[in-house]
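# Residue-level structural notes
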Amino acid sequence: MDTPRPGKTRVTSVSLRAETLEAIRSRAGKQGVSSYIEEAVQRQLQREAVDDYIAEYEAEHGPLDQAEVAARAERIRAHHAAHRGDASPADAA
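Report on the accompanying structure. Please read all numbers here as calculations on a predicted model, not as lab measurements. Along every chain, residues carry numbers that run from 1 in the direction the sequence is written. In keeping with the predicted nature of the model, local features appear solely for residues at pLDDT of at least 70, side-chain atom pairs appear and are counted solely at 80 or more, and the whole-chain, interface and lining totals rest on all residues. No hydrogens and no water enter the side-chain calculation; it runs on all heavy atoms of the structure.

## So, a negative patch on the surface
- In this analysis, a patch consists of residues with relative accessible area above 30% that form no salt bridge, clustered at 9 Å for like charges and at 5 Å for the nonpolar side chains Val, Leu, Ile, Met, Phe, Trp and Tyr. Accessible surface is estimated by sampling points in the Shrake-Rupley manner with a 1.4 Å probe; for residues, cover comes only from the protein chains shown. The working definition used for a salt bridge is a side-chain nitrogen of Lys or Arg within 4 Å of a carboxyl oxygen of Asp or Glu. Charged residues are defined narrowly, with Lys and Arg counted positive, Asp and Glu counted negative, and His plus the chain ends left uncounted. Here the site of a charge means NZ on Lys, CZ on Arg, CG on Asp, or CD on Glu. Together, Glu 48, Asp 51, Asp 52 and Glu 56 give the surface a local cluster of negative charge.
- Inspection of the secondary structure puts Asp 51 in helix H2 (residues 33–61). Note on conventions: DSSP H or I runs of at least 4 residues are helices, E runs of at least 2 residues are strands, and numbering of each starts at the N terminus.

Below you can see the structure in the form of structure tokens.
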């Protein structure tokens, strides 16, 4: 059974390919399918918000320096890996 999540929830129906659903079930474990999908959608929404921010920034200031973007991304991966206890920052990608 799905574990409770903070915040208001609503029941909805989502159609997924059978293979996708089986993959989710095999990975979700005790977390539950709904929580797994909620977290995946939240990550996607965050990515889209970052994409929107970058597009707005570049429209105003010009293209980002890709070397600086890569350096900052590596610092973020290392930070997340350290806080998750991963052995290698490369694993956090």
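## Some details on the layout of surface pockets
- As defined here, a cavity is a set of points on a 1 Å grid over the protein atoms alone where a 1.4 Å probe fits but cannot get out. A pocket is an open set with protein on both sides within 12 Å along at least five of seven lines, and residues line them when an atom is within 4 Å of a point. Grid points are joined across faces, edges and corners, and a volume is the space filled by probe spheres set on the points. Taken as a whole, the largest pocket holds about 680 Å³ of empty space.
- Grouping the amino acids of the lining of the largest pocket by side-chain chemistry returns 9 nonpolar, 2 polar and 8 charged.
- For the second largest pocket, the calculated volume is near 400 Å³.
- Lining of the second largest pocket is provided by 13 residues; of these, Arg 10, Thr 12, Val 14, Ser 34 and Ile 37 occupy positions nearest its centre.
- Here the lining of the second largest pocket gets 5 residues from one element, more than from any other, and that element is H2.
- Think of it as three bins: nonpolar holds Ala, Val, Leu, Ile, Met, Phe, Trp, Tyr, Cys and Pro, charged holds Asp, Glu, Lys and Arg, and polar takes everything else, Gly as well. Split into classes, the residues belonging to the lining of the second largest pocket amount to 7 nonpolar, 3 polar and 3 charged.

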